[in-house]
Amino acid sequence: MIDFHTHVFPEKIAQRSVSVLAEKAGIKPYTDGTPSDLRRHAKESGVSLAVVLPVITREDQFDSIFRFACKINEENDTLFSFGAVYPGDQDLKDRLKLIKEYGLKGIKIHPDYHGIDLSDDRTMELIYEAAALDLVISVHAGVDIGIPDPVRSTPQMALRIINEIGPEKMILAHTGGWKLWDDVEGLLVGKAVYFDISFTDGYIDPGQWKRIIVNHGTDKILFGSDSPWSSEDKTAEAIYKLGLSAKDNLNIFENTAKKLLNIDQGNI
Ligand SMILES: [Zn+2]
């Protein structure tokens, strides 16, 4: 199994970051937020690779996030980290090139934590330049449970990105848009964009969840837990419960992720 949506923090700040965020969102974390604890949890849940998505909240965090991501990837173990660049960064192009050069393979965009809309010119420039380098772009989509107002990443905004930029490897997290699943069904299902299914179980009607997954096509659906905010084994169990075909499950848990990350014979 490949988990395409996880978060970890450097040892020194993990405990504090996780407890602050958990309180804000009113949810219980499943790991202590450290890379070692995610490695342990992934192993116990049968996850062979977990993609770490760093959330950048200021331009000057680029270097520390980049170094932390490279360090995770050097261990060449269960975790693989993407990078992050703040929208409107003056060195945006160079920084994306660095991410590409060091093999981080992708970036995370979180409009609520950037404080900048997905459809803002700065975010669109970031997506345009990242797509030009063939990077995977994982986007927080829908309501953020910790910062619900305003919603900075809606299905309407995502549709604009798809129509005006058309990035080949863009992922909308939380099954296309957390708690905005009617709009996901109306606007995004079937479009050329990926969805991860993280942090959806328990919030969506299972019938609608299954309908979105099947109608969108599982060759564009990725398994993700949003660890530490949800558990990998519980999320996997919820997907199995939907009663999809064996081929659909294989796509969700493995094949779509391998294709996006260009994994040959299990090596990243
Ligand atoms: Zn997340």
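The structure we're discussing is the one just above.
Notes on the structure in this doc start here. Remember, predicted model here, so these are calculated numbers, not experimental data.

Reading the values: the criteria
Residues numbered from 1 in each chain as written. Predicted model: local features only at pLDDT ≥ 70, side-chain atom pairs only at ≥ 80, totals over all residues. Heavy atoms only, no water. Phe/Tyr/Trp six-rings, centres within 6.5 Å; stacked < 30°, edge-to-face > 60°. Helix = DSSP H or I, 4+ residues; strand = E, 2+ residues; numbered from the N terminus. Buried < 20%, exposed > 50% of the residue type's maximum accessible area, 1.4 Å probe, protein only. Salt bridge = Lys/Arg side-chain N within 4 Å of Asp/Glu carboxyl O. Contact = heavy atoms within 4.5 Å. Pairing = 2+ DSSP bridges. Polar contact = N/O pair within 3.5 Å; in protein donor to acceptor, adjacent residues only side chain to side chain.

**Some thoughts on the packing of aromatic side chains**
Across all of its chains, the model carries 9 aromatic pairs by this definition. Pairing phenylalanine 4 with phenylalanine 82 gives two aromatic rings, centres 6.0 Å apart and planes at 75 degrees, and the pair type is edge-to-face. Linking phenylalanine 4 in strand 1 (residues 2–6) with phenylalanine 82 in the loop between strand 3 (79–81) and helix 4 (92–101), this pair joins segments that are 78 residues apart in sequence. No difference in accessibility class separates phenylalanine 4 from phenylalanine 82, as the two residues are buried. For the pair tryptophan 178 and tyrosine 203, a centre-to-centre distance of 4.9 Å together with 65 degrees between the ring planes defines the contact as edge-to-face. Highlighted residues: tryptophan 178 in the loop between strand 6 (170–172) and helix 8 (181–188) and tyrosine 203 in the loop between strand 7 (194–196) and helix 9 (206–216), separated in sequence by 25 residues. We classify tyrosine 203 as partly exposed; its relative accessible area is 32%. Every member of this aromatic cluster is reached through a ring pair, and the members are Phe4, Phe80 and Phe82.

**Section: the pattern of salt bridges**
Counted according to the given criterion, the structure contains 13 salt bridges. Ionic pairing is found between glutamate 129 and lysine 93, a salt bridge with its closest N-O pair at 3.9 Å. With a gap of 36 residues between them, glutamate 129 in helix 6 (residues 121–132) and lysine 93 in helix 4 connect regions that are remote in the sequence. You can call glutamate 129 buried: its relative accessible area is 16%. Beyond isolated ion pairs, a larger network of salt bridges with shared partners links Asp37, Arg40 and Glu44.

**Re the side chain of aspartate 89**
With respect to the helices, strands and loops of the structure, aspartate 89 is situated in the loop between strand 3 and helix 4. For aspartate 89, a relative accessible area of 4% gives the class buried. If we skip the residues at most four places from it in the chain, aspartate 89 touches Glu59 and Arg95.

**Considering the pairing of strand 1**
Within strand 1, 5 of the 5 residues are buried, which leaves the element mostly enclosed by the surrounding structure. Pairing analysis gives 3 bridges linking strand 1 to strand 2 (residues 49–52), with the strands arranged parallel. Within the sheet, the bridge partner assigned to threonine 6 lies in strand 2 and is valine 52.

**Here's the deal with the environment of arginine 152**
Its place among the elements puts arginine 152 in the loop between strand 5 (136–139) and helix 7 (155–164). You can call arginine 152 partly exposed: its relative accessible area is 22%. Leave out the neighbours within four places in its chain, and arginine 152 touches Pro111, Asp112, Gly115, Ile116, Asp117, Leu118 and Met157. Polar contacts involving the side chain of arginine 152 include one to the side chain of aspartate 117, which spans 2.9 Å.

Honestly, that's just the spatial picture; any functional story needs more than this.
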